[in-house]
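Structure assessment
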Amino acid sequence: MPFTPRVFSGVQPTGNLHLGNYLGAVRRFVAMQDEYPCIYCVVDLHAITQWQDPVELADATYSVTAAYLAAGIDPARSIVFNQSRVTAHAELAWIFNCVARMGWLNRMTQFKEKAGKDKENASAGLFVYPNLMAADILVYQATHVPVGDDQKQHLELTRDIAQKFNHDYAERLASLGYDEDGLFPMTEPIIAGPATRVMSLRDGSKKMSKSEASDASRINLTDDADTIAQKIRKAKTDPEPLPSEPKGLESRAEADNLVGIYAALASTTKEAVLAQYGGQGFSAFKPALAELAVEVLAPMNAEMRRLLADRGHLDAVLADGAARANAIAEPILRDVKRVVGFLT
């Protein structure tokens, strides 16, 4: 029996959400509400793989929730909750810890990047968190996940885990009445948009990040209009005018990044942006980009501030979302336990 189409995705509540989070994830979440049943999570369990101040973690959880709603995610149409409220995520993650192979996890490049040279001092959670990510997705039998290029490897691991589970327990699944598709789907990635990977405003070779030391490297969703404009004016560029076609951006990381940001904010293509601005210098392009960024982000900024002033409302949204998420996850987890041989 085919799996019910369903989208799952989440954002970590660590630091300020920025333009890369919005263009690469949150705005796409909004559009997908018209195509699929959607589950959008604030992944607080993932956040603590590295030390988080408890007060700041709680504040950031509210902030991500407010960003979801301010961007246009409708909690009546989609499910919005924080991950730790639904214990099925952690329970399935443990089972997947016993399905995934060490060699698979050793190939995960994000662990190497985050752990750095001192990997022996990294938390065990940081090493196995791709298994938790797989559990996040598969505990809802999600068929689609919107991912950036840097998360494709983790989704491939999710598919490997699903395939191994379905294979290892094939006889058991058949005896319980499951067809050849098994218990878990082969989740598909959704990768789209001209700026799926937004880079730092100070270094076009690095991804825009909450953890970058310089605040000037990113546009935070909480930045006011003047701050947004100032950061774009000071963004690193080169002295050459913009080319007339995308091929001319290939060796110009900062220029390519700003053109991609403009294209994403305007819901157009790099080709269209360069058709308008090709041959012009950044003295003309940056003010236009700043104006567009303020036009798109300022209303969301104001709505975020309004929502954050009413935490009671945000708590109600998260509690309702958790109840609805749990209603989907618990029966699936119960089936997993039965397949594995746990008494429930």
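Up top is the structure these notes are about.
Notes on the structure in this doc start here. None of these values were measured; they are calculated from a predicted model.

1. Let's talk about the pairing of strand E3 (residues 79-82)
Going residue by residue along E3, you find Ile-79 and Phe-81 tucked away on one face and Val-80 and Asn-82 tucked away on the opposite face as well. The pairing of strand E2 (residues 38-42) with E3 spans four bridges and is parallel. If you follow Tyr-40 over to E3, its bridge partner there is Val-80.

2. Looking at the environment of Pro-243
Turning to its location among the elements, Pro-243 is positioned in the loop between helix H10 (225-233) and helix H11 (253-265). Overall, the relative accessible area of 14% leaves Pro-243 in the buried class. Taking the C-alpha atoms as reference, Pro-243 lies 5.8 Å from Gly-279; in sequence the two are 36 residues apart.

3. Comments concerning H10
Where H10 is concerned, the buried positions are Ile-228, Ala-229, Lys-231 and Ile-232. Down the axis of H10, the sector holding all buried residues measures 165°, keeping them to one side. Within H10, the exposed residues directed more than 90 degrees away from the buried face are Asp-226 and Arg-233. On its buried face, H10 sits against helix H13 (282-308).

4. So, the side chain of His-18
Following the sequence through the fold, His-18 ends up in the loop between strand E1 (7-11) and helix H1 (19-32). The exposure class assigned to His-18 is buried, which follows from its relative accessible area of 4%. Of the polar contacts made by the side chain of His-18, one reaches the backbone nitrogen of Gly-20; its length is 2.9 Å. In contact with His-18, not counting residues within four places along its chain, are Met-208, Ser-209, Lys-210, Arg-218, Ile-219, Asn-220 and Leu-221.

5. Some remarks on the packing of aromatic side chains
Overall, the coordinates contain 13 aromatic pairs when judged by the stated rule. Here the aromatic rings of Tyr-40 and Tyr-68 are separated by 6.4 Å at their centres, their planes lie at 50°, and the arrangement is tilted. Taken as a pair, Tyr-40 in strand E2 and Tyr-68 in helix H3 (residues 54-71) lie far apart in primary sequence, 28 residues in all. Take Tyr-40 and Tyr-68: they sit in the same class, and that class is buried. Taken together, the aromatic side chains of Phe-96, Phe-165, Tyr-169 and Phe-184 make up a single cluster linked through ring pairs.

Cut-offs and rules
- Residues numbered from 1 in each chain as written.
- Predicted model: local features only at pLDDT ≥ 70, side-chain atom pairs only at ≥ 80, totals over all residues.
- Heavy atoms only, no water.
- Buried < 20%, exposed > 50% of the residue type's maximum accessible area, 1.4 Å probe, protein only.
- Helix = DSSP H or I, 4+ residues; strand = E, 2+ residues; numbered from the N terminus.
- Pairing = 2+ DSSP bridges.
- Arc of directions from axis to C-beta.
- Contact = heavy atoms within 4.5 Å.
- Polar contact = N/O pair within 3.5 Å; in protein donor to acceptor, adjacent residues only side chain to side chain.
- Phe/Tyr/Trp six-rings, centres within 6.5 Å; stacked < 30°, edge-to-face > 60°.

Distances and angles like these do not, on their own, reveal function.
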